[in-house]
Every structure is written in C-alpha cells, then in structure tokens.
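Descriptive structure summary
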Amino acid sequence: MATDLIKVEIIERQTVRPSSPTPHSSRTIQLSVLDQMVLSHVYFPTLLFYAANNNITGSGGGATSTDIAAMRMKERDYCQHLIRSLAKTLTHFYPLAGRLSKGNDIVQCTDDGAEFVTARVKCSLSKIFEHPDPEMLTGLVPAIGQPDGDGDGVSTRLPLLAVQANLFECGGIAIGLNFSHKVVDGITASAFISCWAKTALDDGDDDQVPFMVPKFDAASYFPPLDFLNSSQPSSAELVGIIKHDKCITKRFVFDASKIATLQSNLASALAPHAPTRVLVVSALIWKCAMEASSKSSNIPPSSFLLTMDLRRWFEPPLPQNLAGNVVGILVVTATASLKGQEESDETIDLKDLVAKLSKGIAQQKETYPTKLPFDSNEAWRRAQEYEKLRGNVDMYHLCSGIWCRFPFYEADFGWGKLTWVSIPSIGRKDVFYLIDKRDGKGIEALLSLSEEIMEHFESNPELLKYASVNPRVM
C-alpha cells in the first residue's frame, strides 16, 4: 500500500484470540441503548509512535547485512511480544475478540479474535515527524473490510478490533489500532491501550492484573430499546453523524503558552471562573469554522456537538471501569451578531461564543438524564432531535471528540514511553478531535472539513495567532 510519501508493505496477517477462553457465562454481551445509537460499521483509529531505542538498529544509513539481520530478529521478537500481551489483554476485554450479532444489539463473545497485521514501512520515523500529514498516516492503521450484512451493515465476520504493528527502517515502531465504536468509547479504548501496555511491560507475570478489570454490563445501567419490534426508526437512520463526504483532514497544534494567552484574553467571558483550555480551543475552532463555512457575507447559524462522560456526571458516579459507550450527547447552537447596519457587518465575538458554549453545556448537563433508572427513551429522543437539526441545510454543523487527559503517553510496551499519539485522516466532514500534546498542556487538533472550507479556515488570522499548521513533531 502506498501513500504520497511512504510505502507500507504488509508482511503478515493473523488472528489473535484471548489467551484464556471466555467463560460461558460471559459469552453474550447485551449492548446498551447508547451502544445501539452507534452504527455498526463505525470504527475509530489511533496511532501510537515509538522512536527507536538502543536495543534495535535501523536498516538505513549504511547498515551492514549483519545489522539488518539483527534488526529483523529484534522486529520478530517485538511482534511476538505484542501478540502475547494482546492475547492476555483480550481475556479482560473479551468483547473486542467477539463479533456483532445480526440483530445489532448483542456481541457474541466466542473468541473469534482480533486481527493483527505486521507491516514494514519504507522510511524512517523522522520522515513522518517532519511532515505528519494525517492523510499520509492512513496506511499505518489496519483497514476493516466492508460490511456485508443487512440493514445497518452488520457483519458477523468483521473484527471489532484490528491492530497493525508498523516497523520503520530506523528501528522505530508505530502501533495502529482500529476500534469498533459500537463496542467501546474513547475512555474504554484508552483503558484497553493502558492495560495492553502494562501487560506487555509485565510480560511473564501471569498472576498480576495490571489495571482495573473492565465491566461490560452497561446495558444494566442504560437499558436497550427494542427497535426490531417497535415503530421507532433503527440506528441505521442516524446517518448524519457519520456521513462520509469528500473532505480533507489537517493537524493544528496549540502550544501551552498560546493556550494560556488565549485563556487570559477570554477570562472575562466566564469571570470569576477561568475558561478551560479545551473550552477556549473548541470555541476558537468553532468560530473559525463558522466563518469559513460562509458562502457569502452572511455567517450561517451553527450547531456544535460534543459528548460528556456519563461515568463522572451520574449521581452517584458510575464505576470508572464501566466499558462500552458511556457518553451523552450535548448540542449547543449559535448565530452571528450584527455589529453594524449592513449584512456584511455580521461577526462572531469569541468571548460571547465561549460564554454561550459554557452556558449551553451547563444547561444541558442539568437536563440530560443522569440518574438511575436511566430514561433510554429520552436519550433516544434527544438523538432524533439532533438528527432533525442536522437536516437543516441552512445551518453549519460541527462535531467534536475530546481525547484530552487520556493517559496515552504513559503507554510503555517495554521499549520506552510514547513519542507521539495521533489520528490519521478522519474521513468524515465537519469533525474534529482534540488530543493532548506530549507535555500534557498543549493540544493537537485533527480537523476534517471540505477542501473549500479548509482553505478559508487554515488562513484565518485569528486562528494563526494561537495555532501552528502541521508543525514538525518534536
């Protein structure tokens, strides 16, 4: 497989099953209503980059045949190390080794396994880091086959987790993961990565459980709805959120110092409380995207979708190891203000937008069902309301995914701490993800827009005061 700048050669594909069989009592997992609202063929990719360490010698730069042979041996050892620890990890995250039922509401945990791909990349990590284009990174994540089932595209043969170990000429490694969003959210995926890394680091200690064992019983908190025997539309009709369009994904980096300046400039918007870094970066991206989406002097009204972790917001809080999709949907709308007598005087004040976003989030958190028993019908009604809103073609709609404070950079598989974490091309228009920089204070934004809107967005002077467009990975 080739991209614009790198060539990826697939060496081997294999299936990794749990090292211990899943007990019969856990062979069927009922999906919750929050899982049901995610389409079955939606996957989200993640890339973990590890620079070469002193234990492996790259094949570039005049390496001898002996060096190359030693590197190939070390590569095999690394891959076997990953496979062994992955098999152990799947005993705890056993639904990821299962398959979806055609009814779209059950995971059959029959240990069919996760897919593991070994690939060799014909370049060094420095080439990736010099120009880390998200479009270029797609070949480093394992592709998932096309769904061939009925209605919602369900296939009982598609894996729910696929992993690709990318071996670079310099001796560096990138682990690409593709998770089924039907089964896990970002927090569960992050917990899986942490568990896998700790299992690999403690390789040989079969008795140690290196993390909090996940609980796959979200359906007991968020009861599923019977879509097959009701007049309600199925989740297949929730297509707006994941509609695939022609678009481009680009990376924008907000350094900690720039975010601090932005927070200081916007402090009066939420006085006496200081706006969070995620809030101000999200508001700035939303503002610039709204302005870029304008096809005339008029700035269209807009909706902004974000999710909240229901584990923390429930009263009392839910178990932090509750696995699956445990998120609620929040939607905030905004319109431009007329600052003069002419339509061309329409503008968006960033302070006003920060205040509106903060207030809208707080109001919806107050009204969203966050107590037991959970009202699944109300959650479904809100999802349908959002889809109706998205049907308004006179509005601009932007979706966000916040992965800040996930402990990705603590993932050590035995060859040192993570160098860089990223997401390849998103492939869905009007979506962005926020991820911490390695220092835990800066933020990287991966944003997907139509080419026309992106052209205006990335040249916005206000954005460029605080963000760098795809800088080198340091």
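Read on for an overview of the structure. Keep in mind the model is a prediction, meaning the values are calculated, not measured. (Residues numbered from 1 in each chain as written. Predicted model: local features only at pLDDT ≥ 70, side-chain atom pairs only at ≥ 80, totals over all residues. Heavy atoms only, no water.)

1. Thoughts on the overall build of the protein chain
Counting secondary structure elements, the protein chain contains 11 helices and 18 strands. Counting over 474 residues, the protein chain shows a buried share of 54%. Contacts in the protein chain between residues far apart in sequence, at least 24 positions, make up 78% of those at least 6 positions apart. Only carbon and sulfur atoms are counted for the fraction: they give 50% of the accessible area of the protein chain, which is about 20,500 Å². (Helix = DSSP H or I, 4+ residues; strand = E, 2+ residues; numbered from the N terminus. Buried < 20%, exposed > 50% of the residue type's maximum accessible area, 1.4 Å probe, protein only. Contact = heavy atoms within 4.5 Å. Areas by Shrake-Rupley, 256 points an atom, 1.4 Å probe, with all protein chains shown as cover.)

2. Some words on the packing of helix H6 (residues 277-293) against helix H8 (residues 350-367)
Between H6 and H8, the shortest axis-to-axis distance is 9 Å and the interhelical angle comes to 120°. Classified by the angle between their axes, H6 and H8 sit oblique to one another. Like other packed secondary-structure pairs, H6 and H8 cross with a definite hand, here right-handed. Contact residues: Leu279, Ser282, Ala283, Leu284, Trp286 and Lys287 in H6; Leu350, Leu353, Val354, Leu357 and Ser358 in H8. The residue makeup of the contact of H6 with H8, split by class, is 8 nonpolar, 2 polar and 1 charged. (Axes fitted to C-alpha atoms, helices over the stretch in contact; angles between N-to-C directions. Parallel < 35°, antiparallel > 145°, perpendicular 65-115°, else oblique. Left-handed = near helix turned anticlockwise from the far one by under 90°. Nonpolar A, V, L, I, M, F, W, Y, C, P; charged D, E, K, R; others polar.)

3. Side note on the sheet that holds strand E5 (residues 106-108)
If you trace the 3 strands from one edge of the open sheet to the other, you get E2-E5-E4, paired in antiparallel fashion. The sheet is open, and its two edges are formed by strand E2 (28-30) and strand E4 (99-100), each paired on a single side. (Pairing = 2+ DSSP bridges.)

4. With respect to H6
If you check H6, its first and last C-alpha atoms are 24 Å apart, about what 17 residues at 1.5 Å a residue would give, namely 24 Å. Most of H6 is tucked away, with 15 of its 17 residues classed as buried. (Expected span 1.5 Å × (residues − 1).)

5. With respect to the sheet that holds strand E15 (residues 420-422)
Strand order across the open sheet formed by 6 strands is E1-E6-E7-E8-E3-E15, with mixed pairing between neighbours. The outermost strands of the open sheet, each flanked by one partner alone, are strand E1 (8-16) and E15. Here the average twist between neighbouring strands, direction ignored, is 15°. Across 8 bridges, E1 lies against strand E6 (residues 114-121) in antiparallel orientation. The residue bridging Ile10 from the neighbouring strand is Ala119, located in E6.

6. Regarding the packing of aromatic side chains
With the rule as written, the count across this model stands at 27 aromatic pairs. Taken together, a centroid distance of 5.9 Å and an interplanar angle of 70° make the contact between Phe49 and Phe129 edge-to-face. Of this pair, Phe49 sits in strand E3 (residues 43-50) while Phe129 sits in helix H3 (residues 125-130), and the two are 80 residues apart along the sequence. A residue is classified by how much of its surface remains accessible, and Phe49, at 0% relative accessible area, is buried. Seen in terms of ring centroids, Tyr50 and Trp415 are 5.7 Å apart; in terms of plane orientation they differ by 90°. Their pairing is edge-to-face. Placement of the pair is Tyr50 in strand E3 and Trp415 in the loop between strand E14 (396-402) and E15, with a sequence separation of 365 residues. (Phe/Tyr/Trp six-rings, centres within 6.5 Å; stacked < 30°, edge-to-face > 60°.)

7. Overview of the side chain of Arg99
Secondary-structure assignment places Arg99 in strand E4. We note that Arg99 is buried and unpaired, the nearest opposite charge coming from Asp112 at a distance of 5.0 Å. Reaching out from Arg99, the side chain makes a polar contact with the backbone oxygen of Gly113 at a distance of 2.9 Å. A distance of 3.5 Å separates the side chain of Arg99 from the backbone oxygen of Leu158, its partner in a polar contact. (Lys, Arg positive; Asp, Glu negative; His and termini not counted. Salt bridge = Lys/Arg side-chain N within 4 Å of Asp/Glu carboxyl O. Polar contact = N/O pair within 3.5 Å; in protein donor to acceptor, adjacent residues only side chain to side chain.)

8. With respect to the pairing of strand E16 (residues 431-436)
Across the 6 residues that make up E16, a large majority, 6, are buried. The two faces of E16 match: Val431, Tyr433 and Ile435 on one face and Phe432, Leu434 and Asp436 on the other face are all buried. Sheet topology places E14 next to E16; 4 bridges connect them, and they run parallel. The residue of E16 that forms the bridge with Ser400 is Phe432. Where E16 lies against strand E17 (residues 443-449), 6 bridges are found, and the strand directions are antiparallel. Residue pairing across strands places Ile435 opposite Glu444, the latter belonging to E17. Connecting E16 to the next strand, E17, in antiparallel fashion are 6 residues, including Gly440 with a positive phi near 75°.

9. Describing the packing of helix H5 (residues 256-265) against H6
One way to put it is that H5 packs onto H6 with a least axis distance of 10 Å and a crossing angle of 85°. In terms of orientation, H5 lies roughly perpendicular with respect to H6. Side by side, H5 and H6 meet where Ile259, Leu262 and Gln263 of the first sit next to Arg277, Val280, Val281 and Leu284 of the second. Classifying every residue of the contact of H5 with H6 gives 5 nonpolar, 1 polar and 1 charged.

The values are spatial; any link to function lies outside them.
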